[in-house]
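This is what each chain is made of:
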Amino acid sequence: MKTVLIAGGSGLIGKKLNQVLSKRGYKVYTLTRKAKHRGQIYWNPAQQTIEGKHLDKVNIIINLTGENIGEKRWTNERKKALRDSRVKTTQFLHSLVSNLPNLEYYIAASGINCYEQDNEIHVESDVYGTDFLSKLVKEWEAVSDLFESNCKVAKLRISMVLSKRGGALDKMLLPVKLGLGSPIGTGTQMMPWIHIDDLCNLFVYAIENELAGTYNAMANCDSNHDFMKALAKALKRPFFMPKVPAFLLKLMLGEMSALVLDSTNASNEKVKNAGFVFQHEAIESTLSALLKR
Ligand SMILES: NC(=O)c1ccc[n+]([C@@H]2O[C@H](COP(=O)([O-])OP(=O)(O)OC[C@H]3O[C@@H](n4cnc5c(N)ncnc54)[C@H](OP(=O)(O)O)[C@@H]3O)[C@@H](O)[C@H]2O)c1
């Protein structure tokens, strides 16, 4: 069976993906700045250092590294950290290809928040937007393409990952649990999402079906109103509070409020046409199943 190296494999997606791939028989190594356990390889991309062991066995790299987009306000310093931890880290990884003689495939994490702010349903061939996240994705995907001279490359434009173990859903739970569930801003902004199990299965599907190119990794898009209503329903909490005004979020979160206020509508036809079948496509049943005690 093939050997997979997951860079940034200690995070929300990486931990689950490691389990899924290992269960399927892959040999999995994780690249992390805090290596402690077997199967973890130490690196520090900012200092351009890496422990070289096992790299010669690697057939597939999945790169999930990146400072968390929703963790801190986007000051100029934070924006640099968000960029460097994706772009410079990928460049460093690519500089190591001569130590990776068996590399066959590179899968890059990317983001679905990369399209123009309009009412279109976006497909992968559409132009990038001009906001901070779109520009970040453009640069991140361009450096991922460096691997094309060495192996096959796929870029998964990941949407909001729904998991009971953290991530965006975790942040939305508290107000709803307190009975303060309500739409955010106009509530009409579209939010693409994917269940973490579907996302992990998509990585496996990409490997086993040799997908190449860019794919929107999303099961569905719901309006913020419908998403928040489904969340309140899944938690058996009321949903009648007034909308949270956009200006309040802009005041609290600054430019990062784009994560909840901007609208991204996109299509998953390309990945479906490539044969991938989603297990979780309806927001109500997906949230109910995830939040079931
Ligand atoms: N979760 C989502 O909803 C979502 C949606 C769209 C796109 N994505 C993208 O998918 C990727 C994985 O997401 P995730 O939710 O699993 O993220 P996560 O839980 O925040 O984990 C990211 C991993 O990146 C590594 N990392 C963070 N800062 C780093 C730095 N400065 N240098 C090197 N490594 C660094 C960390 O590994 P160590 O600390 O162990 O080194 C961490 O385990 C990210 O690039 C994210 O932007 C995620």
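These numbers were taken from a predicted model, which means no experiment stands behind them. (Residues numbered from 1 in each chain as written. Predicted model: local features only at pLDDT ≥ 70, side-chain atom pairs only at ≥ 80, totals over all residues. Heavy atoms only, no water.)

Asks: Even after reading the chapter, I still don't get the overall build of the protein chain, so can you show me in this structure?
Replies: Helix and strand content of the protein chain: eleven helices and eleven strands. By the compact-globule yardstick of 19 Å for 293 residues, the protein chain fits well, its C-alpha radius of gyration being 19 Å. Taken over the C-alpha atoms alone, the protein chain extends approximately 60 × 40 × 40 Å along its principal axes. Within the span of the protein chain, comprising 293 residues, buried residues form 51% of the whole. Here the analysis covers contacts within the protein chain between residues at least 6 apart in sequence; of these, 77% occur between residues at least 24 apart. Accessible surface for the protein chain amounts to roughly 14300 Å². Of this, 51% is attributable to carbon and sulfur atoms. Between the centroid of the 39 positive side chains of the protein chain and the centroid of its 29 negative side chains there is a distance of 9 Å. (Helix = DSSP H or I, 4+ residues; strand = E, 2+ residues; numbered from the N terminus. Rg over C-alpha atoms; globule rule 2.2 N^0.38 Å. Buried < 20%, exposed > 50% of the residue type's maximum accessible area, 1.4 Å probe, protein only. Contact = heavy atoms within 4.5 Å. Areas by Shrake-Rupley, 256 points an atom, 1.4 Å probe, with all protein chains shown as cover. Lys, Arg positive; Asp, Glu negative; His and termini not counted. Charge placed at Lys NZ, Arg CZ, Asp CG, Glu CD.)

Asks: Quick question: what am I supposed to make of the site of the ligand here?
Replies: The immediate surroundings of the ligand are formed by 23 residues, with Ser10, Thr32, Arg33, Lys34 and Arg86 found nearest. In the model, an oxygen atom of the ligand is placed 3.3 Å from a nitrogen or oxygen of the glycine 66 main chain. Those elements that place two or more of their residues in the shell around the ligand are α1 (12-23), β6 (105-111) and β8 (160-162). Along the lines of polarity and charge, the residues of the shell around the ligand split into nine nonpolar, ten polar and four charged. (Near = heavy atom within 4 Å. Polar contact = N/O pair within 3.5 Å; in protein donor to acceptor, adjacent residues only side chain to side chain. Nonpolar A, V, L, I, M, F, W, Y, C, P; charged D, E, K, R; others polar.)

Asks: Which parts of the structure should I look at to understand unusual backbone geometry?
Replies: Both trends apply: most residues other than glycine have a negative phi, and most peptide bonds are in trans. The residue glutamine 48 is not glycine, and still its phi comes out positive at about 55°. Within the secondary structure, glutamine 48 is located in the loop between β3 (40-44) and β4 (49-50). By relative accessible area, glutamine 48 is classed as exposed at 53%. Despite not being glycine, glutamate 210 shows a phi value in the positive range, around 50°. Relative to the elements of secondary structure, glutamate 210 occurs in the loop between α6 (196-208) and β10 (213-217). You can call glutamate 210 exposed: its relative accessible area is 53%.

Asks: What is the right way to look at the sheet that holds β3 in this model?
Replies: Within a beta sheet, neighbouring strands are joined by backbone hydrogen bonds and run either parallel or antiparallel to one another. Taken in spatial order, the eight strands make up an open sheet running β4-β3-β2-β1-β5-β6-β7-β10, and their pairing is mixed. Both outer strands of the open sheet, β4 and β10, are each paired with one neighbouring strand and no more. With seven bridges joining them, β6 and strand β7 (residues 152-158) adopt parallel strand pairing. Among the inter-strand pairings, tyrosine 105 is bridged to a residue of β7, identified as lysine 152. The sheet strands contacting α1 are β1 (3-7), β2 (27-32), β5 (60-63) and β7, and the helix crosses β1 at an angle near 175°. (Pairing = 2+ DSSP bridges. Axes fitted to C-alpha atoms, helices over the stretch in contact; angles between N-to-C directions.)

Asks: What exactly am I supposed to notice about empty space enclosed by the protein here?
Replies: Which parts of space are left empty comes out when a probe the size of a water molecule is rolled across the atoms. As enumerated under the stated definition, the model contains one cavity of 30 Å³ or more in all. Size it by volume and the largest cavity reaches roughly 50 Å³. Lining the largest cavity, in full, are Asn113, Tyr115, Gln117, Asp131, Leu133, Ala258, Leu259, Asp262 and Thr264. Considered class by class, the residues forming the lining of the largest cavity number four nonpolar, three polar and two charged. (1 Å grid on protein atoms, 1.4 Å probe; cavity = no way out; pocket = protein on both sides within 12 Å on 5 of 7 lines; lining within 4 Å. Points joined across faces, edges and corners; volume = space filled by probe spheres on them.)

What is shown is where atoms sit, not what they do.
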